[in-house]
Amino acid sequence: QVQLVESGGGLVQPGGSLRLSCAASGSIVSINHMAWYRQAPGKQRELVATITSGGSTNYVDSVKGRFTISRDNAKLTVYLQMDILKPENTAVYYCYANLREPLSFYSASYWGQGTQVTVSS
């Protein structure tokens, strides 16, 4: 059973930083792209950043220059370094992975359970 477990959320003041981690575990042959999404109260879930297996990254415009996504393929872990945080970054952050499991021709999508990030003074 594949699991994605997030950590690193919490309460931070505006202008502060947080680093989210998401570790994949279980029967995994390979991980394709990974991503971070977020969902603020009353809003739809939105894509924040993506990273391919080769390390290419993309970001939503509102976080460019402040957030950095990275991954450690040996540890099956994706990170989101969030700097210069703003109150509007408050949301539940979810990690996502598209991966291949043993004996499966097709890739599958998995989500983490979410971690709360609150930016407030």
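Placed above this text is the structure.
The notes below deal with the structure included here. Because the structure is a prediction, the values reported are computed rather than measured.

### Notes on the side chain of Asn89
1) Next: Within the secondary structure, Asn89 is located in the loop between strand E8 (77–82) and strand E9 (91–100).
2) Next: Classification of Asn89 by relative accessible area gives buried; the value is 1%.
3) Next: Filtering out sequence-adjacent residues up to four positions away, Asn89 remains in contact with Arg38, Arg66, Phe67, Ile84, Val117 and Val119.

### Looking at the sheet that holds strand E3 (residues 18–25)
1) Next: Read across the open sheet, the four strands follow the order E1-E3-E8-E7; overall the sheet is antiparallel. On the outer flanks of this sheet lie strand E1 (3–7) and strand E7 (67–72), each paired with one strand and no other. Put simply, the sheet's adjacent strands are angled 15° from each other on average, direction ignored.
2) Next: As defined by bridge partners, E1 adjoins E3 across five bridges and the pair is classed as antiparallel. Its bridge partner lying in E3, Val5 is registered against Ala23.

### Considering the nonpolar core
1) Next: Trp36, Val48, Phe67, Val78, Leu80, Met82 and Tyr93 are the most contacted members of the largest nonpolar core, which totals 29 residues.
2) Next: Per element, the largest residue contribution to this core is five residues, and it comes from E9.
3) Next: Discounting chain neighbours no more than four positions away, the residues touching Tyr93 are Glu6, Leu20, Trp36, Tyr37, Arg38, Val48, Phe67, Leu80, Met82, Gly114, Thr115 and Val117.

### Here we look at the state of the cysteines
1) Next: Under the defined criterion, the tally for this structure stands at one disulfide.
2) Next: In this model, Cys22 is linked to Cys95 through a disulfide, with the two sulfur atoms separated by 1.9 Å. Of this pair, Cys22 sits in strand E3 while Cys95 sits in strand E9, placing them 73 residues apart in sequence.
3) Next: Owing to a relative accessible area of 0%, Cys95 belongs among the buried residues under this scheme.

### Considerations on the environment of Ser104
1) Next: Here Ser104 is to be found in the loop between E9 and strand E10 (108–111).
2) Next: Classification of Ser104 by relative accessible area gives partly exposed; the value is 24%.
3) Next: Considered as a pair, Ser104 and Val29 are 75 residues apart in the sequence and their alpha carbons are 9.4 Å apart.

### Some remarks on the pairing of E7
1) Next: Because side chains alternate across E7, one face comprises the buried residues Phe67, Ile69 and Arg71, and the other comprises Thr68, Ser70 and Asp72, none of which is buried.
2) Next: The pairing of E7 with E8 spans six bridges and is antiparallel. Each bridged residue has a counterpart across the sheet, and for Thr68 the counterpart in E8 is Gln81.
3) Next: Joining the antiparallel neighbours E7 and E8 is a turn of four residues, in which Leu76 adopts a positive phi near 55°.

Here is what the cut-offs are and how they apply
Residues numbered from 1 in each chain as written. Predicted model: local features only at pLDDT ≥ 70, side-chain atom pairs only at ≥ 80, totals over all residues. Heavy atoms only, no water. Helix = DSSP H or I, 4+ residues; strand = E, 2+ residues; numbered from the N terminus. Buried < 20%, exposed > 50% of the residue type's maximum accessible area, 1.4 Å probe, protein only. Contact = heavy atoms within 4.5 Å. Pairing = 2+ DSSP bridges. Axes fitted to C-alpha atoms, helices over the stretch in contact; angles between N-to-C directions. Core = buried A, V, L, I, M, F, W, Y, C linked by side-chain atoms within 4.5 Å. Disulfide = S-S within 2.5 Å.

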